[in-house]
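These are the residues of each chain, in order.
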Amino acid sequence: MSDYRRDTPPTLSVRGGVRPRSPAEALEPGRAPLRPRNRRQRRAPSRRVNRFVRFFSGIMTLSLILLAALVIASGVMFHQFEKPGPLAVTQTVSIPKGEGRIAIARRLEAEGVISSRWAFVAGYLMRSGWRTQKGMDLKAGEYEIKSGASMREVLDTLIAGKSVLYKITIPEGLTSQQIVARLNAAPNLTGEVVDIPAEGTLLPDTYSFSKGADRQELLNRFAAEQTKLLASLWENRLADLPIASVQEAIVLASIVEKETGRADERDRVAGVFVNRLRKKMRLQSDPTIIYGLVQGQGSLGRPLTKKDIASKTAYNTYQINGLPPGPICNPGRAAISATLQPAKTDDIYFVADGTGGHTFSKTLKAHNAAVANWRKVERQRRKQEAQRAKLTTLTDADTAIPNPPASDDAAAVTVAPVQAAAPKVVKVPANATGGEPTPKGSQNEKVAPLKGLRASTVPLPIRRPAL
């Protein structure tokens with residue numbers, strides 16, 4: 001049974017040491033305590049936590065906003081970077097040396113290649129990882145930008161250095177002085193070559209270069225290619241050649257280069273000179289006489305004479321034994337290869353055959369017969385040229401002044417006959433026999449005057465095709 005007694009009034013709680021006056025007052029909520037006066041007591045731990053939470057929440061919110069803005073900006077930039085560019089037609093753009101990426105971007109924007117330089121620079125920085133990497137530099141040069149090329153395509157072109165290439169061809173047989181003159185005359189090169197390289201140290205070939213390339217650097221490239229070629233060909237040379245060094249090989253190759261321009265004769269011409277070196281015979285090559293007279297200028301400008309053959313120069317192989325002291329030109333790959341691997345032949349003579357080639361002989365008798373045949377061919381050629389010149393002169397005389405129509409008041413027109421000039425003497429080049437003195441009585445052979453022809457119809461002096 002419960003001990004609770006109904007007649008006993010409930011015990012009312014004491015609030016603040018004062019007993020409530022009624023049950024309703026007892027049920028009212030208590031009042032908040034007064035704020036403590038001590039300042040240190042007001043910094044409750046709960047308020048410090050709340051401030052940190054609010055600060056962290058603000059940082060996170062700001063970060064999310066910045067991240068969203070960065071994503072949007074990246075999307076816009078990527079769209080500009082990948083979309084087709086403003087070029088309507090293909091255009092060539094030149095990037096000078098020494099320009100930085102911002103200057104290059106400004107130039108591209110000014111020339112209408114890209115739509116925004118800042119998007120271009122931002123794309124470059126993203127591609128390079130915000131730092132300069134090897135192979136990521138924008139290279140100078142002249143570039144062909146296709147129509148509608150995007151910034152990414154333009155950037156890839158500049159990074160790869162895919163510039164427009166120009167070509168320069170150095171023919172075989174030029175001297176170093178002539179090669180330098182060609183480089184100095186090339187309009188798309190820069191710089192100046194002052195020192196002429198040593199003869200025979202440059203490799204004739206067709207070389208590609210970018211616009212604005214330095215002439216001296218290109219010349220160094222010629223020399224490097226020559227060194228590389230000699231290193232490979234020298235190892236594969238014939239073992240019994242009378243050539244002691246690479247320098248001697250270049251000297252002989254330069255003579256072979258100047259003696260013939262036909263690819264099917266180079267190794268045979270080289271074989272003739274190799275046979276002469278083995279037999280201790282003089283080479284007796286006309287191009288060596290010319291080089292001794294004019295040095296690096298290349299051309300003599302006239303046929304050789306007896307006086308030229310008798311000239312005492314270090315390069316005149318009619319007067320010296322063995323090889324001259326240096327090359328007489330810069331030989332090409334084929335001439336060097338033919339010199340190091342000459343044809344195995346017993347020929348020791350050769351002479352021009354009148355058709356651009358040569359007739360090779362093993363004996364002096366056969367050689368003299370070939371020389372006589374060459375002179376016969378040359379006489380026939382001169383005769384044909386004289387006949388053609390005569391016909392041309394007569395045709396010009398008939399059509400030069402047409403007869404005027406007859407009229408009562410017109411004066412008669414009299415054409416004075418053209419006085420024939422004194423006949424000229426045609427000289428045959430001394431020693432056109434390709435390496436052996438011409439038989440007695442054949443040098444500087446005089447040709448009978450061509451009667452009835454003007455001076456303009458007399459053929460020019462015959463020159464040996466190899467010179």
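Residues numbered from 1 in each chain as written. Predicted model: local features only at pLDDT ≥ 70, side-chain atom pairs only at ≥ 80, totals over all residues. Heavy atoms only, no water.

Draft legend 1. Focus on the pairing of strand 7 (residues 349-352). Both faces of strand 7 are covered, namely the face carrying Y349 and V351 and the face carrying F350 and A352. Across four bridges, the pairing between strand 7 and strand 8 (residues 358-361) is antiparallel. Residue pairing in the sheet places Y349 in a bridge with S361 of strand 8. Counted along the chain from strand 7 to the antiparallel partner strand 8, the turn is five residues long, and its residue G354 has a positive phi close to 85°. (Buried < 20%, exposed > 50% of the residue type's maximum accessible area, 1.4 Å probe, protein only. Helix = DSSP H or I, 4+ residues; strand = E, 2+ residues; numbered from the N terminus. Pairing = 2+ DSSP bridges.)

Draft legend 2. Summary view of the pattern of salt bridges. Counting across every chain of the model gives 13 salt bridges. Between E144 and K146 there is a salt bridge whose closest N-O contact spans 3.3 Å. A salt bridge links E225 to K228, with the shortest nitrogen-to-oxygen separation between them at 3.8 Å. One end of the pair is E225 and the other is K228, both in helix 8 (residues 215-235) and three residues apart, which spans about a single turn. The exposure class assigned to E225 is partly exposed, which follows from its relative accessible area of 24%. A relative accessible area of 55% places K228 in the exposed class. Taken together, the shared-partner salt bridges in this structure form one network comprising E82, R152 and D156. (Salt bridge = Lys/Arg side-chain N within 4 Å of Asp/Glu carboxyl O.)

Draft legend 3. Fine view of a nonpolar patch on the surface. A cluster of nonpolar side chains, contributed by F52, V53, F56 and M60, occupies part of the molecular surface with about 420 Å² of accessible area. Of note, F56 is situated in helix 3 (residues 45-82). (Patch = residues over 30% accessible without salt bridge, like charges linked within 9 Å, V, L, I, M, F, W, Y side chains within 5 Å. Areas by Shrake-Rupley, 256 points an atom, 1.4 Å probe, with all protein chains shown as cover.)

Draft legend 4. Examining the confidence of the model for the chain more closely. Averaged over all residues, the pLDDT of the chain is 77; the fraction at 70 or higher stands at 75%. Overall, residues 404-467 carries pLDDT values under 50, and its contacts beyond four positions in sequence, including any with other chains, amount to 111 contacts. (pLDDT = per-residue confidence, 0-100. Contact = heavy atoms within 4.5 Å.)

Draft legend 5. Broad picture of helix 9 (residues 246-259). Along its 14 residues, helix 9 runs 20 Å from first to last C-alpha, staying within 8% of the 20 Å computed at 1.5 Å per residue. A large share of helix 9 lies buried, amounting to ten of its 14 residues. On its buried face, helix 9 sits against helix 8, helix 10 (266-278), helix 11 (286-294), helix 13 (333-340), strand 7 and strand 8. (Expected span 1.5 Å × (residues − 1).)

Draft legend 6. Region of the structure containing the nonpolar core. By size, the foremost hydrophobic cluster in this structure holds 42 residues, and its most contacted members are I168, L219, F222 and F273. At the level of secondary structure, the elements contributing two or more residues to this core comprise helix 7 (176-185), strand 5 (206-210), helix 8, helix 9, helix 10 and helix 13. Excluding residues within four positions of it along the chain, F222 makes contact with I170, I179, L183, T201, L202, L203 and Y207. (Core = buried A, V, L, I, M, F, W, Y, C linked by side-chain atoms within 4.5 Å.)

Draft legend 7. Spotlight on the environment of L87. Looking at where L87 falls in the secondary structure, it is placed in the loop between helix 3 and strand 1 (91-95). You can call L87 buried: its relative accessible area is 10%. Separated by 59 residues in sequence, L87 and K146 have C-alpha atoms that sit 7.7 Å apart. Dropping the residues within four chain positions of it, L87 is found in contact with G112, V113, I145, K146, S147 and G148.

Draft legend 8. Highlighting the environment of D286. Looking at the secondary structure, you find D286 in helix 11. Sequence spacing of D286 and L304 is 18 residues, and the spatial spacing of their C-alpha atoms is 8.1 Å.

Draft legend 9. Spatial organisation of helix 13. Within the span of helix 13, buried status applies to A335, I336, A338, T339 and L340. Structurally, helix 13 contributes buried residues whose contacts are with helix 8, helix 9 and helix 10.

Draft legend 10. How the structure looks around the packing of helix 7 against helix 8. One way to put it is that helix 7 packs onto helix 8 with a least axis distance of 10 Å and a crossing angle of 140°. Crossing hand, helix 7 versus helix 8: right-handed. Together, I179, V180, L183 and N184 of helix 7 and R215, L218, L219 and F222 of helix 8 make up the contact between the two elements. Grouping the amino acids of the contact of helix 7 with helix 8 by side-chain chemistry returns six nonpolar, one polar and one charged. (Axes fitted to C-alpha atoms, helices over the stretch in contact; angles between N-to-C directions. Left-handed = near helix turned anticlockwise from the far one by under 90°. Nonpolar A, V, L, I, M, F, W, Y, C, P; charged D, E, K, R; others polar.)

Draft legend 11. Fine view of the packing of aromatic side chains. If you walk through the whole model with that rule in mind, you get five aromatic pairs. Measuring from ring centre to ring centre gives 5.8 Å for F273 and F350, while their planes differ by 90°; the resulting arrangement is edge-to-face. Here the residue F273 occupies a position in helix 10, and F350 occupies one in strand 7, the gap between them amounting to 77 residues. Assessed through its relative accessible area of 0%, F273 is described here as buried. A relative accessible area of 1% places F350 in the buried class. Between Y291 and Y315 the ring centres are 4.9 Å apart and the planes differ by 65°, which places this aromatic pair in the edge-to-face class. A residue pair is termed long-range when its members are at least 10 positions apart, and Y291 in helix 11 and Y315 in the loop between helix 12 (306-309) and helix 13 qualify at 24 residues. For the residue pair Y291 and Y315, the accessibility class agrees, reading buried in each case. In textbook terms, an aromatic cluster arises when at least three aromatic residues are bridged by ring pairs, as seen for F273, F350 and F360. (Phe/Tyr/Trp six-rings, centres within 6.5 Å; stacked < 30°, edge-to-face > 60°.)

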